[in-house]
Amino acid sequence: MSKTNVGAGSPNAQFVQAAGLFAQSMQRNSTLNRMVGKMPSSEGEVNQVLRKQTSTDMPIVRTVDLSRGKGDEVEFHFVQPVGAYPIMGGRQAEGKGTGVSLDKARVRVNQARFPVDVGDTMTDLRSPVDFRKIGRPIAQSLMDSYQDQSMLVHLAGARGYHDNIEWRLPTADHADFAEMAINEVKAPTKNRHFVADATAIKPFAVNAGEVDLATTDLLDMDVVDSVRTVIESIALPPPAIKIPGDKVAEDSPLRCLLVSPAQYHSFAQDTNFRQFQANAIARASKAENHPLFLGEVGLWNGVLICKMPKPIRFYAGDTIRYCASNTSETESTCVVPAGFGTTHAVDRALLLGGQALAQAFASSRHGGMPFFWKEKSFDHDDKMELLIGAIQGLAKVRWLVDQGGGTKHFTDHGVIAIDTAVPIIGARQ
């Protein structure tokens, strides 16, 4: 009896490998990856959305469109908020229906690849390490960091100026930054940009060309209280997130505040911080111990505080982009006050609700999946190089939203940026 065999060069083998890589990347253990909802699990659920996409109840919405030959953009749709009053008694209702408006936006995808040189014949002879085996984890780590950092930068609307060997995206002045970001990194809309102001927050403000912040405007419990107050006061705030399995999602709505390590350190100085951590553990028990509650998190006043992997940071004299008008996406600039010197900087926290960021995937020609591995020998099979690749794109979800009375404001749908002062811990990077 003949045996079924899949050869090393078979397209089927490549597909299995690519599918496994895609699954591995989607399950990576990172804070930002935990902010993605579930993919529809049945055909009926899939038919409820325009494409196969994750739940819109979480900050990051993924769309997987594996069709080929349909361009390099994926389309998302948005139903405008509806405002209306009831028609009472016997007054005529016919012909007075409230209109429904549908807007759309597109996310462009591009191919990103990380090649890793795994040496040559003499490398194998001289080294006790099998570079081919360690090459794959290195490449996977590079791609995972690129994914997470790209998400963070698009959500923040800025790359910032913190920079070291761990960054996979260069600062915005790098010649290739725009290509690596794929879609435009847009500064926060006017109605979604705030700064700390002593024990509260206020709309982003500029004073004589400098951001209106003092070195004492740190993130603390009072600032988080102010964040919650603002959420409950403004029109059409970022929608609450609904963590899968959370039994009290409707009665006790949650938003997630992503903070830099330095902001987290400031907040952790509060004498009640242990209680905030206990609050998070208690809420986790009601949400099937969702991994978003794992690690260094705290819960206060309906705000789940999580540490972001890298800070979005601006040092003294650095430029901050902002939108000065609600009705325009035109960006203006200011700088961090010179008085911040070498001891303080400005870090950006991100309050996340549902549908803050769109991530689109498309199929590669290597197995038909968004992620793929390739290995190639050259120089008469003396040298070897492996490569990890992905075809994807990210964009902050932004709409021109009807605020009532026909007035429309550009609005970052699910994210609010909050700039605060932080002490620089260690050397500037």
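Residues numbered from 1 in each chain as written. Predicted model: local features only at pLDDT ≥ 70, side-chain atom pairs only at ≥ 80, totals over all residues. Heavy atoms only, no water.

### Overview of the overall build of the protein chain
For the protein chain, the count of helices and strands is 8 helices and 21 strands. Burial status across the protein chain gives 46% buried among its 429 residues. Looking at the protein chain as shown, the accessible area adds up to about 21200 Å², and 50% of this sits on carbon and sulfur atoms. (Helix = DSSP H or I, 4+ residues; strand = E, 2+ residues; numbered from the N terminus. Buried < 20%, exposed > 50% of the residue type's maximum accessible area, 1.4 Å probe, protein only. Areas by Shrake-Rupley, 256 points an atom, 1.4 Å probe, with all protein chains shown as cover.)

### Remarks on unusual backbone geometry
A positive phi is found at A208, a non-glycine position, where the angle reads about 55 degrees. Among the secondary structure elements, A208 is positioned in the loop between β7 (206-207) and β8 (210-211). The phi torsion at L236 lies on the positive side, around 50 degrees, for a residue other than glycine. With respect to the element layout, L236 can be found in the loop between α6 (221-233) and β9 (255-259).

### Observations regarding the pattern of salt bridges
Scanning the model with the defined rule gives 13 salt bridges in all. Through salt bridges with shared partners, a single network forms among K186, E329, K396, R398 and D412. (Salt bridge = Lys/Arg side-chain N within 4 Å of Asp/Glu carboxyl O.)

### Observations concerning the nonpolar core
I243, F293, L304, I312, I320, L350 and L352 are the most contacted members of the largest nonpolar core, which totals 65 residues. Ranked by residues supplied to this core, first place goes to helix α4 (residues 131-156) with 9 residues. With residues near it in sequence (within four places) discarded, L304 still touches R255, C256, L257, A280, L292, F293, V297, G298 and L299. In this structure, V227, V259, F276 and L351 belong to the second largest nonpolar core, which totals 21 residues. (Core = buried A, V, L, I, M, F, W, Y, C linked by side-chain atoms within 4.5 Å. Contact = heavy atoms within 4.5 Å.)

### Description of the environment of I418
Here I418 lies in strand β21 (residues 415-423). Judged by relative accessible area, I418 falls into the buried class, the value being 2%. Separated by 191 residues in sequence, I418 and V227 place their C-alpha atoms 9.0 Å apart. Setting aside residues no more than four positions away along its own chain, I418 makes contact with F194, I201, V227, L257, Q263, D347, R348, A349 and L351.

### Thoughts on the environment of R255
Examined against the element boundaries, R255 turns out to sit in strand β9. Looking at R255, the relative accessible area reads 11%, which means it is buried. In this structure, the C-alpha to C-alpha distance between R255 and M58, residues 197 residues apart in sequence, is 9.6 Å. For R255, the residues in contact, after removing those within four places along its chain, are I231, P237, P238, P239, A240, I241, G302, V303, L304, L351, L352 and G353. Engagement of the side chain of R255 in a polar contact is seen with the backbone oxygen of P238, the distance being 2.8 Å. (Polar contact = N/O pair within 3.5 Å; in protein donor to acceptor, adjacent residues only side chain to side chain.)

### Some thoughts on the confidence of the model for the protein chain
This prediction gives the protein chain a mean pLDDT of 81; 79% of its residues lie at or above 70. Below a pLDDT of 50 lies the segment residues 1-11, which in the model reaches 4 contacts outside its immediate sequence neighbourhood of four places, other chains included. Low confidence marks residues 40-51, where pLDDT is under 50. Its contacts with residues over four positions away, or in another chain, come to 11 contacts. (pLDDT = per-residue confidence, 0-100.)

### Focus on helix α8 (residues 273-286)
Between the first and last C-alpha of α8 there are 21 Å, a value that for 14 residues agrees with the 20 Å anticipated at 1.5 Å per step. For α8, every residue scored as buried is listed here: F273, F276, A280, R283 and A284. An end-on view of α8 places all buried positions within 110 degrees of arc, on one side of the element. Residues of α8 that are exposed and point more than 90 degrees away from the buried face comprise R274 and I281. Buried positions along α8 lie against α6, α7 (261-268), β10 (297-300) and β11 (303-307). A positive backbone phi angle near 55 degrees is found at E288, which sits one or two residues after α8. (Expected span 1.5 Å × (residues − 1). Arc of directions from axis to C-beta.)

### Observations concerning α6
In a regular helix each residue adds 1.5 Å, so 13 residues correspond to 18 Å; α6 covers 19 Å between its end C-alpha atoms and thus fits that length. Where α6 is concerned, the buried positions are M221, V223, V224, S226, V227, R228, V230 and I231. For α6, the N-terminal capping position is held by D220, with its side-chain oxygen 3.2 Å away from the main-chain nitrogen of D222.

### What about the environment of S150?
By secondary structure assignment, the location of S150 is in helix α4. In the structure, S150 is positioned 31 residues away from A181 in sequence and 6.6 Å away in space, judged by C-alpha atoms. What S150 contacts, discounting residues up to four positions off in sequence, is L169 and L394.

### What to know about the packing of α7 against α8
Two measures define how a pair of helices packs: the angle their axes make with one another and the distance between the axes. The N-to-C vectors of α7 and α8 enclose an angle of 110 degrees; their axes lie 9 Å apart at closest approach. Overall, the two elements α7 and α8 adopt an arrangement that is roughly perpendicular. Two secondary-structure elements touch here, α7 through Y264, F267 and A268 and α8 through F273, F276 and Q277. Looking at side-chain class alone, the contact of α7 with α8 contains 5 nonpolar, 1 polar and no charged residues. (Axes fitted to C-alpha atoms, helices over the stretch in contact; angles between N-to-C directions. Parallel < 35°, antiparallel > 145°, perpendicular 65-115°, else oblique. Nonpolar A, V, L, I, M, F, W, Y, C, P; charged D, E, K, R; others polar.)

### A look at the packing of aromatic side chains
Taken as a whole and assessed by the stated rule, the structure comprises 6 aromatic pairs. Pairing Y161 with F314 gives two aromatic rings, centres 6.1 Å apart and planes at 65 degrees, and the pair type is edge-to-face. Taken together, the positions of Y161 in the loop between α4 and α5 (177-181) and F314 in strand β12 (residues 313-314) put the pair 153 residues apart, joining distant regions of the chain. Overall, F314 belongs to the buried group, its relative accessible area being 2%. Centre to centre, the rings of F276 and W300 are 5.0 Å apart; their planes meet at 50 degrees, and the pair counts as tilted. With F276 in helix α8 and W300 in strand β10, this residue pair connects regions lying 24 residues apart in the sequence. Looking at F276, the relative accessible area reads 1%, which means it is buried. Members of the aromatic cluster, each reached through a chain of ring pairs, are F267, F276 and W300. Note that R136 overlies the ring of W373, its terminal NZ or CZ placed 4.6 Å from the centroid. One residue, R159, lies across the ring of W167, its end atom 3.5 Å from the ring centre. (Phe/Tyr/Trp six-rings, centres within 6.5 Å; stacked < 30°, edge-to-face > 60°. Lys NZ or Arg CZ within 6 Å of the ring centre and 35° of its normal.)

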